[in-house]
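In case you want the letters, here they are:
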Amino acid sequence: MLHKKLIYIVLIVSFIACSSKNPGMSKDEIVRTLDEQAMRHETAVKAASAAMPEVTEDYTPPAGIKYRAKIETVGVKTLNVQAALKNVRSMKVSELGTLRIHRTGALVPMGGSLMSVEEGYLLNGYQGIYLLDKGFKLIKQLFKNDVVFQRDGKRGFFQLRTLLQSVYYDNAHKQIQGVYAVRDHKKNKSRTFLAFLPWDVLTAATEPLMEKDIANSIPLQGNLGHGGLFKFTPEGFIRGIPYSSRFYTNELKGDTLCYFDPTHSPDYPPSESAGSVRNGESHHIYDYQGKTRIRLAYDNTLYQLENASTLKAIYRLDFGSLQRADGQKVIGGSNVDDSYFVDRWLETDRHLFIKITKGYDSPNARKAKSVSLYSLIYDKRSGDFFALPPESNSEKPEFPYLTADGEPNMPFYPDGVVGNIPYTCLDAMKMKEKYPDVLKGQDIPDDELIVLTIE
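This structure is a prediction, so every number in the text was calculated from the model and none was measured.

Turning to the overall build of the protein chain, a few remarks are in order. In terms of regular secondary structure, the protein chain is built from seven helices and 28 strands. Classification of the 455 residues of the protein chain by burial places 45% in the buried group. Of the contacts formed within the protein chain by residues at least 6 apart in sequence, a portion of 55% connects residues at least 24 apart. For the protein chain, the accessible surface area stands at approximately 23300 Å², while carbon and sulfur atoms represent 48% of it.

Okay, structure coming up:
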């Protein structure tokens with residue numbers, strides 16, 4: 001196998017280097033040790049992938065859907081958005097906890113997302129996947145994407161070639177799962193695969209693995225499409241139909257388990273003549289206390305996936321008389337200046353953090369001040385649902401922050417949650433620009449990732 005050859009080569013190089021430090025080690029002992037380590041590596045790969053289904057390149061999932069969808073709405077908690085927008089009050093950073101600044105040591109410009117693992121955290125960015133310790137310090141890079149990054153002044157650009165997306169840590173099988181596409185330039189088409197990277201192989205490798213090193217993969221029928229809903233689950237994966245609120249649950253090899261259409265809203269595909277398409281609203285999908293939670297684009301309900309065939313409504317946003325954004329109008333280019341969009345949805349055991357915009361948010365809209373930005377917080381314990389005061393010191397509209405207090409003297413609003421910890425990721429260049437006094441006097445590369453947490 002490719003992994004065995006790669007590790008064998010690495011071990012040979014390592015032992016050549018080490019043999020100069022251990023001149024008493026004979027050639028036969030070196031070869032014997034190489035064989036033993038290569039065998040242990042091969043055994044680890046087989047053990048980690050034993051539970052994965054074997055699927056051939058030409059495998060076609062059987063027709064039909066295994067289960068009938070069930071949607072439970074009893075007990076859903078309704079949150080009054082219209083009232084919250086009128087209930088404006090500040091909240092201090094210290095009311096959430098202690099703000100901490102973590103220099104990761106990872107050169108990951110433009111941020112990334114975090115997920116918990118036993119050793120600490122996985123950082124997933126455009127450049128690849130990194131393992132951080134429990135103090136958010138870099139241990140090593142595990143996987144390297146085929147990308148090129150360039151800076152033009154304060155702006156950064158990525159040229160994406162091969163990218164592992166929808167990264168997920170499967171604790172049961174001790175592996176990282178992801179999705180990647182391989183381009184067939186002769187046919188001018190792409191083929192999408194599900195990738196399975198054994199944890200033992202990733203952590204033992206002396207160099208980050210790349211797409212060519214993926215030994216276990218399953219072909220995915222069709223492509224995901226732009227902005228499509230996709231997430232791995234313990235049973236397999238969730239896959240959405242682009243520009244719609246409809247999705248399927250599937251086994252890993254692609255067999256369809258269930259079909260969901262919870263909103264019964266019309267699809268909103270762009271017309272064939274459309275030159276550029278507004279991104280509009282995104283799906284929000286995340287894991288919470290071992291379950292997958294989903295808020296579909298342009299929908300007001302957060303669901304929990306109880307199993308492959310059951311959705312349970314947990315929260316529902318009530319916009320009252322406010323005009324809600326509509327997918328067909330947004331994609332079709334209609335005027336949506338008076339429409340409300342759900343921009344962000346995050347959850348901890350104590351709070352919901354929800355960002356909402358009035359009007360379509362874009363750099364041009366902010367420059368023209370034609371969009372209004374709101375940061376809402378729901379306190380699960382007290383039931384208080386409120387909006388933070390608008391930012392008054394910025395030249396262009398910004399989402400409001402929690403008020404700075406104590407040290408470091410910085411405002412905060414999370415961009416993610418990991419292990420019940422609210423966090424924000426930004427590179428040092430952005431950190432120096434927004435909070436010049438915080439890193440003052442520190443020799444830190446512009447591309448180093450900074451993680452801000454509330455603990």
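Alright, that's what it looks like, and here's the rest.
A word on the side chain of Thr-453. Within the secondary structure, Thr-453 sits in strand S28 (residues 448-454). A distance of 2.9 Å separates the side chain of Thr-453 from the side chain of His-102, its partner in a polar contact. If near-sequence neighbours (up to four positions away) are discounted, Thr-453 is found in contact with Thr-98, Leu-99, Arg-100, His-102, Phe-136, Ile-421, Pro-422 and Tyr-423.

On to empty space enclosed by the protein. Here the idea is plain: a probe the size of a water molecule rolls over the atoms and shows the empty space left. Under the counting rule described, the total for this entry stands at one cavity of 30 Å³ or more. Empty space within the largest cavity amounts to approximately 40 Å³. Along its surface, the largest cavity is lined by 12 residues, and Leu-229, Gly-240, Ile-241, Ser-244 and His-283 are the ones closest to its centre. Within the lining of the largest cavity, the residues separate by chemical class into five nonpolar, six polar and one charged.

Another aspect to go through is the packing of aromatic side chains. For the coordinates displayed, the defined rule picks out 16 aromatic pairs. Taking 4.3 Å as the distance between ring centres and 10 degrees as the angle between the ring planes, the aromatic pair formed by Tyr-121 and Phe-136 counts as stacked. One end of the pair, Tyr-121, is in strand S5 (residues 120-125); the other, Phe-136, is in the loop between strand S6 (128-132) and strand S7 (138-144), with 15 residues separating them in the sequence. For the ring pair Tyr-180 and Phe-193, a centre distance of 5.7 Å and an interplane angle of 20 degrees mean the geometry is stacked. Taken together, the residues Tyr-180 in strand S11 (residues 175-184) and Phe-193 in strand S12 (residues 189-198) connect sequence positions 13 residues apart.

In terms of residue burial, strand S19 (residues 291-295) counts as a mostly covered element, since four of its five residues are buried. Where strand S18 (residues 284-288) and S19 come together, five bridges link them in antiparallel fashion. Directly across from Asp-287, in S19, lies its bridge partner Thr-292. Between S18 and S19, which pair antiparallel one after the other, the connecting turn spans two residues, and Gln-289 there sits at a positive phi close to 50 degrees. As paired strands, S19 and strand S20 (residues 301-307) are joined by four bridges and run antiparallel to one another. Note on S20: the bridge partner recorded for Arg-293 is Gln-304.

Once that is clear, we can look at the confidence of the model for the protein chain. Mean pLDDT over the protein chain stands at 85; residues scoring 70 or higher make up 83%. Of the regions scoring below 50 in pLDDT, residues 1-23 engages in 29 contacts with residues more than four places distant in sequence or in other chains. Across residues 44-51, confidence stays below pLDDT 50; counting only partners more than four residues off in sequence or on other chains, it has nine contacts.

As for its position among the elements, Glu-347 is in strand S22 (residues 340-347). Within the structure, the side chain of Glu-347 is placed 2.5 Å from the side chain of Tyr-286, a separation counted as a polar contact. Of the polar contacts made by the side chain of Glu-347, one reaches the side chain of Arg-293; its length is 2.7 Å.

Within the largest apolar cluster, 22 residues are counted, with the highest numbers of intra-cluster contacts made by Leu-99, Ile-377, Leu-388, Leu-402, Phe-412, Met-431 and Leu-452. Not counting residues within four places of it along the chain, the set of residues in contact with Leu-452 comprises Leu-99, Arg-100, Ile-101, Met-410, Phe-412, Pro-422, Tyr-423, Thr-424, Leu-426 and Met-431.

Reading the values: rules and limits
Residues numbered from 1 in each chain as written. Predicted model: local features only at pLDDT ≥ 70, side-chain atom pairs only at ≥ 80, totals over all residues. Heavy atoms only, no water. Helix = DSSP H or I, 4+ residues; strand = E, 2+ residues; numbered from the N terminus. Buried < 20%, exposed > 50% of the residue type's maximum accessible area, 1.4 Å probe, protein only. Contact = heavy atoms within 4.5 Å. Areas by Shrake-Rupley, 256 points an atom, 1.4 Å probe, with all protein chains shown as cover. Polar contact = N/O pair within 3.5 Å; in protein donor to acceptor, adjacent residues only side chain to side chain. 1 Å grid on protein atoms, 1.4 Å probe; cavity = no way out; pocket = protein on both sides within 12 Å on 5 of 7 lines; lining within 4 Å. Points joined across faces, edges and corners; volume = space filled by probe spheres on them. Nonpolar A, V, L, I, M, F, W, Y, C, P; charged D, E, K, R; others polar. Phe/Tyr/Trp six-rings, centres within 6.5 Å; stacked < 30°, edge-to-face > 60°. Pairing = 2+ DSSP bridges. pLDDT = per-residue confidence, 0-100. Core = buried A, V, L, I, M, F, W, Y, C linked by side-chain atoms within 4.5 Å.

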